[in-house]
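The residues making up each chain are set out below.
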Amino acid sequence: MERIDAMRKTSIAIAALTLVLAFGCKKTTNEAYNTTPAGNNNPSVSQTTNLSPEDLGKLGAEIKKHPKDAQKLLSDKGLTEEQFEKAVRKVAESPADSKRYASAYKKAS
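Numbering of residues begins from 1 in every chain and follows the order in which that chain's sequence is written. In keeping with the predicted nature of the model, local features appear solely for residues at pLDDT of at least 70, side-chain atom pairs appear and are counted solely at 80 or more, and the whole-chain, interface and lining totals rest on all residues. Side-chain metrics in this entry use all non-hydrogen atoms of the structure; hydrogen atoms and water are not considered.

A word on the packing of aromatic side chains
Here is the rule: rings of Phe, Tyr and Trp (six-membered ring for Trp) pair when centre to centre is within 6.5 Å. Planes less than 30 degrees apart are stacked, more than 60 are edge-to-face, and the remainder are tilted. Scanning the model with the defined rule gives one aromatic pair in all. For the ring pair Tyr 101 and Tyr 105, a centre distance of 6.0 Å and an interplane angle of 20° mean the geometry is stacked. One end of the pair, Tyr 101, and the other, Tyr 105, are both in helix 6 (residues 95–108), four residues apart, so they sit about a helical turn from each other. Both residues of the pair, Tyr 101 and Tyr 105, count as buried. Helix numbering and strand numbering both begin at the N terminus, where a helix is a DSSP run of H or I of at least 4 residues and a strand a DSSP run of E of at least 2. Partly exposed describes any residue whose relative accessible area lies between the buried limit of under 20% and the exposed limit of over 50%, with all areas from a 1.4 Å probe on protein chains only and scaled to the type maximum.

Quick look at the structure:
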């Protein structure tokens, strides 16, 4: 029962992130955003995990494809569900990192 609840929470977190990314990427303003080059990791993400936005996107897609294996996929990367969610939220704070995540997620889906 706990495993099903954990998978449900992970699926909800992924769905929420997808919505955040979908709406966040459509934001159209004349504001200048500070972006980091694609090869550099966001330092705030590095503090949470050593995974790049691309790695997190691939992992999110794998979890969506195989929700029953969510805990194993996370533990293989050395993450808990909470750490993964925190890292994804950090990525969502940056428009550039969000785009990197979304691109990797799409490619891996």
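So much for the structure itself; the text now carries on.
Here's the deal with helix 5 (residues 81–92)
Here helix 5 is 12 residues long and its end C-alpha atoms lie 16 Å apart, about the 16 Å a rise of 1.5 Å per residue gives. Inspection of helix 5 places Glu 81, Phe 84, Ala 87, Val 88 and Val 91 among the buried residues, and these make up the whole buried set. On an axial view of helix 5, the arc spanned by its buried residues comes to 130°, and they lie on one face. Opposite the buried face of helix 5, by more than 90 degrees, sit the exposed residues Glu 82 and Arg 89. Expected helix span is computed as 1.5 Å times (number of residues minus one). Working definition: the arc comes from the directions between the helix axis and the C-beta atoms, pointing outward to the latter.

With respect to the packing of helix 3 (residues 53–65) against helix 6
Every axis in this analysis is a line fitted to C-alpha atoms, fitted for helices over the stretch in contact. Angles between the N-to-C directions lie between 0 and 180 degrees. Contact geometry for helix 3 and helix 6: axes closest at 7 Å, N-to-C directions at 40°. Comparing their axes, helix 6 and helix 3 come out oblique. In the crossing of helix 3 with helix 6, the sense of the turn from one axis to the other is right-handed. Contact residues: Pro 53, Glu 54, Leu 56, Gly 57, Lys 58, Gly 60, Ala 61, Glu 62, Lys 64 and Lys 65 in helix 3; Asp 97, Arg 100, Tyr 101, Ala 104, Tyr 105 and Ala 108 in helix 6. Lys, Arg, Asp and Glu make up the charged group, whereas Ala, Val, Leu, Ile, Met, Phe, Trp, Tyr, Cys and Pro make up the nonpolar group; the residues left over, Gly among them, are polar. Looking at the contact of helix 3 with helix 6, its residues break down into seven nonpolar, two polar and seven charged. Angular relationships are summarised with four words: roughly parallel below 35 degrees, roughly antiparallel beyond 145, roughly perpendicular across 65 to 115, and oblique for the angles in between. If you view the pair so one helix is near and one far, a crossing is left-handed when the near helix is turned anticlockwise from the far one by less than a right angle, and right-handed when it is turned clockwise. Between two residues, a contact is recorded if the distance between any of their heavy atoms is within 4.5 Å.

A closer look at the nonpolar core
To qualify as a nonpolar core, a set must consist of buried Ala, Val, Leu, Ile, Met, Phe, Trp, Tyr and Cys residues joined through side-chain atoms within 4.5 Å. Membership of the largest hydrophobic core comes to 17 residues, with the highest contact counts inside it found for Leu 56, Leu 59, Ile 63, Leu 74, Leu 79, Phe 84 and Tyr 101. Within the residue set of this core, elements represented by two or more residues are helix 3, helix 4 (70–76), helix 5 and helix 6. Discounting residues that sit within four places of it in the chain, Leu 79 has contacts with Thr 49, Leu 51, Leu 59, Leu 74 and Phe 84.

Things to note about the environment of Ala 61
Position of Ala 61 among the secondary structure elements: in helix 3. Residue class for Ala 61 comes out buried when judged on its relative accessible area of 1%. Between the alpha carbons of Ala 61 and Ala 108 there is a distance of 5.8 Å; along the sequence they are 47 residues apart. Once residues lying within four places of it in the same chain are set aside, the contact partners of Ala 61 are Tyr 105, Ala 108 and Ser 109.

Side note on the pattern of salt bridges
When a carboxyl oxygen of Asp or Glu is within 4 Å of a side-chain nitrogen of Lys or Arg, the pair counts as a salt bridge. Counted under the stated rule, the structure contains five salt bridges. Note that Lys 65 is salt-bridged to Glu 62, the shortest N-O span being 3.3 Å. Linking Lys 65 with Glu 62, this pair stays in helix 3, spanning three residues, or about one helical turn. A residue is classified by how much of its surface remains accessible, and Lys 65, at 43% relative accessible area, is partly exposed. Assessed through its relative accessible area of 27%, Glu 62 is described here as partly exposed. Among the ionic pairs, Asp 76 bridges to Lys 72, the shortest N-O distance being 3.1 Å. Residue Asp 76 and its partner Lys 72 are located together in helix 4, separated by four residues, close to a single helical turn. Residue Asp 76 is classed as exposed on the basis of its relative accessible area, which comes to 52%. Residues participating in the shared-partner salt-bridge network are Glu 54, Asp 97 and Arg 100.

Honestly, it's all geometry; don't read function into it.
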